[in-house]
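# Structural overview for review
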Amino acid sequence: SLVLTNETDHQALLAIKDLIQGDPLGALSLWNHSIQFCYWLGVSCGRRQQRVTILNLSSLTLVRRYISPQIGNLTFLRRIDLGNNSFHGEIPQELGKLFHLQYLQLLNNPFQGEFPTNLTHCSHLRYIDMRGNRLGGKIPTELGALSELMSLKLSNNHFTGTIPPSIGNVTILSLLGLMYNN
């Protein structure tokens, strides 16, 4: 079986960087072997195991066709913020492997496709913000299984159909943003 280590995290971050097509601010220029990856811009690690717990690349004007599926190997991630960039394509189903994930912010990118239903495997999700993308299809009924979800923002997309009744099962949900959809 595959053992995931902090070297796995290092390789996953490099795979994420390799798919960046544009970095006009040079934000990822230090993402190399000159310093340990826990000190790279936008990366935070846990003290004990030196595993990536936060990936915050928001508002860096990064351009890429899609997010590398290698992001699913960052198994200690608790927080992802890729908002306000130009990430295209579909949101990878591999995010569903991030069982510790609590905070997912992908707002204001031109992501396409449907809501990644594998995210419902991330049972600790508390905050999802995917406003301002090009996501479509139906809002998945599986979201009702995320019992710790407090905020779900899916406004300004292309979702169709009705609001799934299962959303009512999330009793601590205090913010639900679905406006400007179909």
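This text gives an overview of the structure that appears in the document. These numbers were taken from a predicted model, which means no experiment stands behind them. (Residues numbered from 1 in each chain as written. Predicted model: local features only at pLDDT ≥ 70, side-chain atom pairs only at ≥ 80, totals over all residues. Heavy atoms only, no water.)

### Describing the state of the cysteines
To keep it simple, the criterion reads: Disulfide: a pair of cysteine sulfur atoms within 2.5 Å of each other. Exposure categories follow from relative accessible area, calculated using a 1.4 Å probe and restricted to protein chains: below 20% of the type maximum is buried, above 50% is exposed, and the middle band is partly exposed.
For the coordinates displayed, the defined rule picks out 1 disulfide. Residue C38 pairs covalently with C45 via a disulfide, S to S 2.1 Å. Every disulfide takes its handedness from the sign of the S-S torsion; for C38 and C45 that torsion is -95 degrees, giving left-handed. Like C38, the residue C45 is buried in the burial classification. In this structure C122 is a free cysteine whose sulfur lies 19 Å from that of C45, the closest cysteine sulfur available.

### Here's the deal with the packing of aromatic side chains
The following threshold applies: What counts as a ring pair is set by centres within 6.5 Å for rings of Phe, Tyr and Trp (its six-membered ring), and what kind of pair is set by the plane angle: stacked under 30 degrees, edge-to-face over 60, tilted for all other angles. A helix here means a DSSP run of H or I that spans at least four residues, while a strand means a run of E at least two residues long, and both kinds are numbered starting from the N terminus. By definition, being over a ring means that NZ of Lys or CZ of Arg is both within 6 Å of the ring centre and within 35 degrees of the ring normal.
Going through the model one piece at a time under the given rule, you end up with 4 aromatic pairs. Ring centres of F37 and W40 lie 6.2 Å apart, and the angle between their planes is 70 degrees; this geometry places the pair in the edge-to-face category. Each ring, one from Y103 and one from Y127, has its centre 4.6 Å from the other, and the planes form 5 degrees; the classification is stacked. Of the two residues, Y103 sits in strand 7 (residues 103-105) while Y127 sits in strand 8 (residues 127-129), which places them 24 residues apart along the sequence. Taken together, W31, F37 and W40 form an aromatic cluster joined through their ring pairs. Its end group placed over the ring of Y103, R79 keeps NZ or CZ at 3.6 Å from the ring centre.

### A short note on the sheet that holds strand 10 (residues 151-153)
Note the threshold: Should DSSP find at least two bridges between two strands, the strands are taken to pair. For every element, the axis is a line fit to its C-alpha atoms; helices are fit only across the contacting stretch, and the angle between N-to-C directions ranges from 0 to 180 degrees.
Ordered by their spatial adjacency, 7 strands build an open sheet running 2-3-5-7-8-10-12, and the pairing between neighbours is mixed. Edge positions in the open sheet fall to strand 2 (43-45) and strand 12 (175-177), since each of these has one partner strand only. Taken over all neighbouring pairs, the strand axes of this sheet differ in orientation by 10 degrees on average, direction set aside. Bridging between strand 7 and strand 8 involves 3 bridges; their strand directions are parallel.

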